[in-house]
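These are the residues of each chain, in order.
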Amino acid sequence: MSTHVSRADAGRGVELDARSVTVRAHAKINLALRVGAPRPDGYHPLTSVFEAVDLTEDVTATERADGSVTCEVLADSPRGADLDAGPANLLVRAAHATREAARERGTLPDGAPGVHLAVRKHVPVAGGLAGGSADAAAALLACDALWGARLPRATLHELARGLGADVPFALEGGVALGVDRGDRLTPVTLGAGVRHHWVLAMSAVGLSTPAVFARFDEEYAEEVGAQPAGAEDLLAALARPGGPTSAVDLAPLLVNDLTDPALDLRPDLADTFAAFERAGALAVLLCGSGPTVAALCLDAPHAASVADVVREAQVAADVLTVCGPVPGARRVET
Ligand code: C5P
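Just so it is clear, the model here is predicted, and its values are computed rather than measured.

Colleague: I'd like a rundown of the overall build of the chain, residues and numbers included.
Modeller: Scanning the chain for helices and strands turns up eleven helices and twelve strands. What you see for the chain is a C-alpha radius of gyration of 20 Å, in line with the 20 Å of a compact globule of 334 residues. For the chain, with 334 residues in total, the buried portion stands at 55%. Long-range pairs, those at least 24 residues apart, make up 75% of the contacts in the chain between residues at least 6 apart in sequence. Of the side chains in the chain, 28 bear a positive and 43 a negative charge, and the two mean positions are spaced by 6 Å.

Colleague: Residue-level account of the packing of helix α2 (residues 90-105) against helix α3 (residues 131-147), with values.
Modeller: Closest axis-to-axis distance for the α2/α3 pair is 8 Å, and the angle between their directions is 35 degrees. As for how α2 packs across α3, the hand of that crossing is right-handed. Contact residues: α2 offers Leu 90, Leu 91, Ala 94, Ala 95, Thr 98 and Arg 99, while α3 offers Gly 132, Ser 133, Asp 135, Ala 136, Ala 139, Leu 140, Cys 143, Asp 144 and Trp 147. The class makeup of the residues in the contact of α2 with α3 is nine nonpolar, three polar and three charged.

Colleague: Talk me through the nonpolar core; I want residue IDs and the actual numbers.
Modeller: By size, the foremost hydrophobic cluster in this structure holds 40 residues, and its most contacted members are Val 115 and Leu 117. When residues in this core are grouped by element, the largest group, eleven residues, is from α3. Setting aside residues no more than four positions away along its own chain, Leu 117 makes contact with Val 59, Thr 60, Ala 61, Thr 70, Cys 71, Glu 72, Leu 91, Ala 95, Ala 139 and Cys 143. Judged by nonpolar contacts, the second largest core, of 32 residues, contains Leu 177, Leu 190, Met 202 and Ala 237.

Colleague: A description of the side chain of Lys 121 should follow, citing residues and the corresponding values.
Modeller: The residue Lys 121 is located in strand β4 (residues 114-121) in this model. On the accessibility criterion, Lys 121 (2% relative accessible area) is buried. A polar contact of 3.1 Å, which involves the side chain of Lys 121, links it to the side chain of Asp 135.

Colleague: Kindly report on the layout of surface pockets, identifying the contributing residues and their values.
Modeller: Each pocket or cavity is described by its volume, and for the largest pocket that value is around 1,000 Å³. Together, 43 residues line the largest pocket, and Ser 133, Asp 166, Thr 209, Pro 210 and Ser 289 are the ones closest to its centre. Counting only elements with at least two residues in the lining of the largest pocket, the list comes to β1 (20-35), β2 (46-64), α2, α3 and α6 (209-219). When residues of the lining of the largest pocket are assigned to their parent elements, the largest contribution, four residues, is made by α3. Per-class residue counts for the lining of the largest pocket are 20 nonpolar, 16 polar and seven charged.

Colleague: Break down empty space enclosed by the protein for me, citing the residues and quoting the values.
Modeller: Summed over the entire model, instances satisfying the criterion amount to two cavities of 30 Å³ or more. Counted as a void, the largest cavity has a volume near 40 Å³. What lines the largest cavity is Leu 190, Val 194, His 196, Ala 237, Leu 238, Pro 244, Thr 245 and Leu 250. Of the residues contributing to the lining of the largest cavity, the split by class is six nonpolar, two polar and no charged. Approximately 30 Å³ is the volume found for the second largest cavity.

Colleague: Account for the pattern of salt bridges, with residues named and values stated.
Modeller: Two side chains carrying opposite charge are able to pair once their charged atoms lie near each other. Applying the stated criterion to the full structure yields 20 salt bridges. Between Arg 184 and Asp 180 there is a salt bridge; the shortest N-O distance is 3.6 Å. Linked by salt bridges that have partners in common, Arg 39, Asp 41, Glu 158, Arg 161, Asp 180, Arg 181, Asp 183 and Arg 184 make up one network.

Colleague: Would you mind going over the site of the ligand in detail, with residue names and values included?
Modeller: Taken together, the neighbourhood of the ligand is formed by Gly 42, Tyr 43, His 44, Leu 46, Gly 164, Ala 165, Arg 181, Thr 209, Pro 210 and Phe 213. With respect to the ligand, the backbone of Arg 181 contributes an N or O atom lying 3.1 Å from a nitrogen atom. Burial of the ligand by the surrounding chains reaches 75%, relative to a free accessible area of 460 Å². With three residues, the single largest contributor to the shell around the ligand is α6. Its residues assigned to classes, the shell around the ligand comprises five nonpolar, four polar and one charged.

Colleague: Which residues make up the pairing of strand β5 (residues 175-179), and what values do they have?
Modeller: In terms of residue burial, β5 counts as a mostly covered element, since four of its five residues are buried. Sheet topology places β2 next to β5; four bridges connect them, and they run antiparallel. Bridge pairing in β5 places Ser 48 opposite Gly 178. Here four bridges tie β5 to strand β6 (residues 184-187), and the two strands are oriented antiparallel to one another. Looking at the pairing, Val 179 lines up with Arg 184 of β6.

What counts as what
- Residues numbered from 1 in each chain as written.
- Predicted model: local features only at pLDDT ≥ 70, side-chain atom pairs only at ≥ 80, totals over all residues.
- Heavy atoms only, no water.
- Helix = DSSP H or I, 4+ residues; strand = E, 2+ residues; numbered from the N terminus.
- Rg over C-alpha atoms; globule rule 2.2 N^0.38 Å.
- Buried < 20%, exposed > 50% of the residue type's maximum accessible area, 1.4 Å probe, protein only.
- Contact = heavy atoms within 4.5 Å.
- Lys, Arg positive; Asp, Glu negative; His and termini not counted.
- Charge placed at Lys NZ, Arg CZ, Asp CG, Glu CD.
- Axes fitted to C-alpha atoms, helices over the stretch in contact; angles between N-to-C directions.
- Left-handed = near helix turned anticlockwise from the far one by under 90°.
- Nonpolar A, V, L, I, M, F, W, Y, C, P; charged D, E, K, R; others polar.
- Core = buried A, V, L, I, M, F, W, Y, C linked by side-chain atoms within 4.5 Å.
- Polar contact = N/O pair within 3.5 Å; in protein donor to acceptor, adjacent residues only side chain to side chain.
- 1 Å grid on protein atoms, 1.4 Å probe; cavity = no way out; pocket = protein on both sides within 12 Å on 5 of 7 lines; lining within 4 Å.
- Points joined across faces, edges and corners; volume = space filled by probe spheres on them.
- Salt bridge = Lys/Arg side-chain N within 4 Å of Asp/Glu carboxyl O.
- Near = heavy atom within 4 Å.
- Areas by Shrake-Rupley, 256 points an atom, 1.4 Å probe, with all protein chains shown as cover.
- Pairing = 2+ DSSP bridges.

Bear in mind that shape data such as this cannot, by itself, settle questions of function.
Right under this line is the structure:
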């Protein structure tokens, strides 16, 4: 058990010698995001092929003797310092969900354990990269370990699904097919050592996921069936028995049905797409519901040069290179 309490934590009444656990989770890109017509509950059936990329969220859970659940974004976080720390926050909800499940299983001692969750964010808020889902997945594991709750993996997955459609994938990482709300996962095994090189162009202003789906319903849902399109070609290419499919062959198989609705709400993103195309990216892809735009590149030097060109074009607030796939949420030493 490591001991790590930031100065910011100390100001909130966390014991300086309190026990703490840090869990790291990652952002995701959707290699395919196919959307069906909305269901009666408002959710959309999805065919989603996720890839976890090496943009991290580190959540440190520190025990609180008073039983309360609090959270903060550490002030030195590269992104997303303006998180609402209220009860609707996914970190807080994840902690409560873990505590309730552990109580039901009888694996928590009497007396309410509390927790302070401090997140160091690299993933922008409302960026389409599932940063909030990564935080929730990390918080589930961190609280489970901190409190010694020993919840089974299947229980953690159920809790994850209750917190949001992208949270189960943040637990699992790698590459996976998600169906239903995108939260029923089947892992996709890539060849050993396969690495995809991406450039991400991030926007200064986030985009609301419900707003993008609402725009999809208004303008595009009539053209789609009750079930979303599949991703068979992409899945076959990713798992090709003869060896990994090259980035060049993968590029035409990447697809996101939320691109047009997101561009309707944010026409400026067309400039980012155009800049990536001019820079010679193999494929340009909206991340989730946006506004982050991802470009697939050949290798690390190609990604670095595409990133330079797009930075120069000044179409995005932040341009960086990332790689995938990477593992799901797991404990790290601090
Ligand atoms: O599950 P989560 O809270 O992350 O979803 C955020 C929003 O995205 C939902 O409120 C819904 O508007 C939309 N959504 C959807 N269909 C999905 C997943 C998300 O309509 N399968």
